[in-house]
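# Structural features, examined
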Amino acid sequence: MSRIWVENPRAWSLLALVAAAEAGARAEIPVGAVLTDPVGRPLALLGNRCVDSSDPLGHAEVRVLRLAAERVGNYRLPGTRLTVSLEPCPMCREAITLARISELRFAAPRPLELPAATTLSGFQEQQDAPVALGLLQFFFGMKRASLNCGVHCDVMV
């Protein structure tokens, strides 16, 4: 029954991390997002797809908002909960605000960036931060290694 998800928001955090890992396996920056409806049923679960689709707006959060809005037939998504593997960037925060998302959760804080000026607050799933940050460190470590050795190395997860 879907109510189990309402009572266990950490499950959504773990699914966002799975979507992040899948994005990293496609050589995308490993960020994943899941959006649930007011009852706790999933509306969308996706990872980043900027590189693959040549889309600067292909962030996981934007993709999830687009898919969910299409599914419910409205660009406003009040009562929904967005769970992301990494704290959203300023662009995504504004999109989240415009979509009227009711709750934002993220596994890890955004490193080296100031939070966007918005009234939307977020709740960090702190126990999942090491996994989310580990995915990012592995991804960018592989990118740096491929630049330093002069040979292109695909990210394999």
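## Let's talk about the pattern of salt bridges
For the structure shown, the criterion picks out 7 salt bridges. Close ionic contact of Arg 10 with Asp 128 constitutes a salt bridge, the shortest N to O distance being 2.7 Å. With a gap of 118 residues between them, Arg 10 in helix H2 (residues 9-25) and Asp 128 in the loop between strand E5 (122-124) and helix H6 (129-149) connect regions that are remote in the sequence. According to the relative accessible area criterion, Arg 10 is partly exposed, its value standing at 31%. For Asp 128, a relative accessible area of 1% corresponds to the buried category. Of the charged contacts, one joins Glu 87 and Arg 93 as a salt bridge, the two residues approaching to 3.1 Å between their closest N and O atoms. The exposure class assigned to Arg 93 is buried, which follows from its relative accessible area of 6%. Each of the salt bridges in this network shares a partner with another, and the network as a whole consists of Arg 81, Glu 103 and Arg 105.

## Remarks on the pairing of strand E2 (residues 42-47)
Summarising the sheet, strand E1 (residues 32-36) and E2 pair through 5 bridges and their orientation is antiparallel. Note on E2: the bridge partner recorded for Gly 32 is Gly 47. Between the end of E1 and the start of E2, which pair antiparallel, lie 5 residues, with Gly 40 showing a positive phi angle near 105°.

## Side note on the confidence of the model for the protein
Do not read the fine detail of predicted coordinates wherever pLDDT is low. Mean pLDDT over the protein stands at 84; residues scoring 70 or higher make up 80%. Across the protein, helix H4 (residues 60-72) holds the top mean pLDDT of 98, while helix H1 (residues 3-7) sits lowest at 48. Scored below 50 in pLDDT, residues 1-6 shows 10 contacts in the model against residues more than four places distant or in partner chains.

## Brief notes about H4
The terminal C-alpha atoms of H4, which comprises 13 residues, lie 18 Å apart, in line with the 18 Å expected from a rise of 1.5 Å per residue. All of the buried residues along H4 are Ala 60, Glu 61, Val 62, Arg 63, Val 64, Leu 65, Ala 68 and Ala 69. Buried residues in H4 make contact with E1, E2, strand E3 (81-86) and helix H5 (90-98). Two residues or fewer past H4, Gly 73 is found with a positive phi of approximately 75°.

## A short note on the packing of H4 against H5
Contact geometry of H4 with H5 gives a least axis separation of 9 Å together with a crossing angle of 20°. Viewed along their axes, H4 and H5 adopt a mutual orientation that is roughly parallel. Helix-helix and strand crossings are classified by hand; for H4 and H5 the assignment is left-handed. Judged by residue contacts, Glu 61, Val 62 and Leu 65 of H4 engage Met 91, Cys 92, Ala 95 and Ile 96 from H5. Residues that form the contact of H4 with H5 fall into these classes: 6 nonpolar, no polar and 1 charged.

Criteria and cut-off values
Residues numbered from 1 in each chain as written. Predicted model: local features only at pLDDT ≥ 70, side-chain atom pairs only at ≥ 80, totals over all residues. Heavy atoms only, no water. Salt bridge = Lys/Arg side-chain N within 4 Å of Asp/Glu carboxyl O. Helix = DSSP H or I, 4+ residues; strand = E, 2+ residues; numbered from the N terminus. Buried < 20%, exposed > 50% of the residue type's maximum accessible area, 1.4 Å probe, protein only. Pairing = 2+ DSSP bridges. pLDDT = per-residue confidence, 0-100. Contact = heavy atoms within 4.5 Å. Expected span 1.5 Å × (residues − 1). Axes fitted to C-alpha atoms, helices over the stretch in contact; angles between N-to-C directions. Parallel < 35°, antiparallel > 145°, perpendicular 65-115°, else oblique. Left-handed = near helix turned anticlockwise from the far one by under 90°. Nonpolar A, V, L, I, M, F, W, Y, C, P; charged D, E, K, R; others polar.

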